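Reading the structure
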Amino acid sequence: LWILRDGNKRPLDPQTGRLVDVTTCTGITLEQAREAQHRLRSAGVGLLIRPPLVLIDLDNVLGEDGEPLAHYRQLCEDFLELDTATFLSLSGRGLHLIALVENDDVLASLRRGGTSALQARKEIRCESSGEKVGDCIFFGYCAITLERYGDPRPVRDVSLPVQRLQGRYLAGARSDSETLPM
């Protein structure tokens, strides 16, 4: 589900070009959003995130050369192994991974402890330093560049591989020793 965005990354209604509440709006196809972007002269597009869609937003993990910074290399490799659609962030220094989590038990486990019921997101922290490097977003909105990072990949179901990343990177997630029912 796609909508438009302004130059400040704020979400816009693709029909009117006005600011919109992402908790109640409905999106359109990417092709329709690109047409509306051109017609309304908006700054770009944004992705509405609704289950089972999940967006992994990694901030400032890339150097000027577009490669992962040394202290984030393992984190980037681990998330890129999810092998799902990946885009550069608007700054060019971060990554947006768009994925599906179609297993309800895994999705519930990921969402446990999120910051709120409506704008559900969970912090992603660097395993070695503990610093916040991004968010895993389960419900909300994110401005997207559509500039692919790496080889083009489709949006995939990452229910199984994302489980091993929970205890390492997601704040308040289950530990690796806990198992999830399948």
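Keep in mind it's a predicted model, so treat the numbers as computed, not measured. (Residues numbered from 1 in each chain as written. Predicted model: local features only at pLDDT ≥ 70, side-chain atom pairs only at ≥ 80, totals over all residues. Heavy atoms only, no water.)

Here we look at the overall build of the protein
Secondary structure assignment for the protein yields four helices and nine strands. Taken from N to C terminus, the helices and strands of the protein fall in the order β-β-α-β-β-α-β-β-α-β-β-β-α. The buried share of the protein, taken over its 182 residues, is 46%. By sequence separation, contacts in the protein at least 24 residues apart represent 67% of the contacts at least 6 residues apart. Accessible surface computed for the protein: about 9100 Å², of which carbon and sulfur atoms make up 48%. (Helix = DSSP H or I, 4+ residues; strand = E, 2+ residues; numbered from the N terminus. Buried < 20%, exposed > 50% of the residue type's maximum accessible area, 1.4 Å probe, protein only. Contact = heavy atoms within 4.5 Å. Areas by Shrake-Rupley, 256 points an atom, 1.4 Å probe, with all protein chains shown as cover.)

Quick word on the confidence of the model for the protein
Scored by pLDDT, the protein has a mean of 88; 90% of the residues are at 70 or more. Looking over the protein, one finds the lowest element-wise mean pLDDT in helix H3 (residues 104-111), namely 83, and the highest in strand E5 (residues 85-88), namely 97. Scored below 50 in pLDDT, residues 173-182 shows 23 contacts in the model against residues more than four places distant or in partner chains. (pLDDT = per-residue confidence, 0-100.)

Things to note about the nonpolar core
Looking at soluble globular proteins, one finds that nonpolar side chains tend to be buried together. Ile56, Leu58, Val61, Leu75, Phe79, Leu95 and Ile124 are the most contacted members of the largest nonpolar core, which totals 31 residues. In contact with leucine 95, not counting residues within four places along its chain, are Ile56, Asp57, Leu58, Val61, Leu62, Cys76, Leu80, Thr86, Phe87, Leu88, Ser89 and Tyr149. Of all hydrophobic cores here, the second largest spans 17 residues; its members include Ile49, Ile137, Cys142 and Ile144. (Core = buried A, V, L, I, M, F, W, Y, C linked by side-chain atoms within 4.5 Å.)

Some remarks on the pairing of strand E4 (residues 53-58)
Most of E4 sits out of view: six of its six residues are buried. Here E4 shows no split at all, with Leu53, Leu55 and Asp57 on one side and Val54, Ile56 and Leu58 on the other all buried. Pairing analysis gives six bridges linking E4 to strand E6 (residues 95-100), with the strands arranged antiparallel. Bridge pairing links valine 54 to alanine 99 in E6. Relative to strand E8 (residues 132-137), E4 runs antiparallel, the two sharing four bridges. The residue bridging leucine 58 from the neighbouring strand is glycine 134, located in E8. (Pairing = 2+ DSSP bridges.)

Considering the pattern of salt bridges
Counting across every chain of the model gives nine salt bridges. With its nearest N and O atoms 3.0 Å apart, the salt bridge here joins aspartate 78 to arginine 168. Here the residue aspartate 78 occupies a position in helix H2 (residues 73-80), and arginine 168 occupies one in helix H4 (residues 159-169), the gap between them amounting to 90 residues. Overall, arginine 168 belongs to the partly exposed group, its relative accessible area being 26%. (Salt bridge = Lys/Arg side-chain N within 4 Å of Asp/Glu carboxyl O.)

Examining the sheet that holds E5
The strand order across the open sheet formed by five strands is E5-E6-E4-E8-E7, and the pairing between neighbours is antiparallel. Because the sheet does not close on itself, it has two edges, and the strands there are E5 and strand E7 (121-125). Ignoring strand direction, the axes of neighbouring strands in this sheet form an average angle of 20°. With four bridges joining them, E5 and E6 adopt antiparallel strand pairing. Following the sheet pairing, leucine 88 is matched in E6 by leucine 95. Strands E4, E5, E6, E7 and E8 of the sheet are contacted by H2, whose axis makes an angle of about 30° with E6. (Axes fitted to C-alpha atoms, helices over the stretch in contact; angles between N-to-C directions.)

Let's talk about the sheet that holds strand E1 (residues 2-5)
Pairing is antiparallel in the open sheet, where four strands are placed in the order E2-E1-E3-E9. The two strands at the open ends of the sheet, each matched to only one other strand, are strand E2 (11-12) and strand E9 (140-144).

Quick notes on the environment of leucine 30
You can see leucine 30 is positioned in helix H1 (residues 30-40). When residues no more than four places from it in sequence are discounted, the contact partners of leucine 30 are Trp2 and Leu146.

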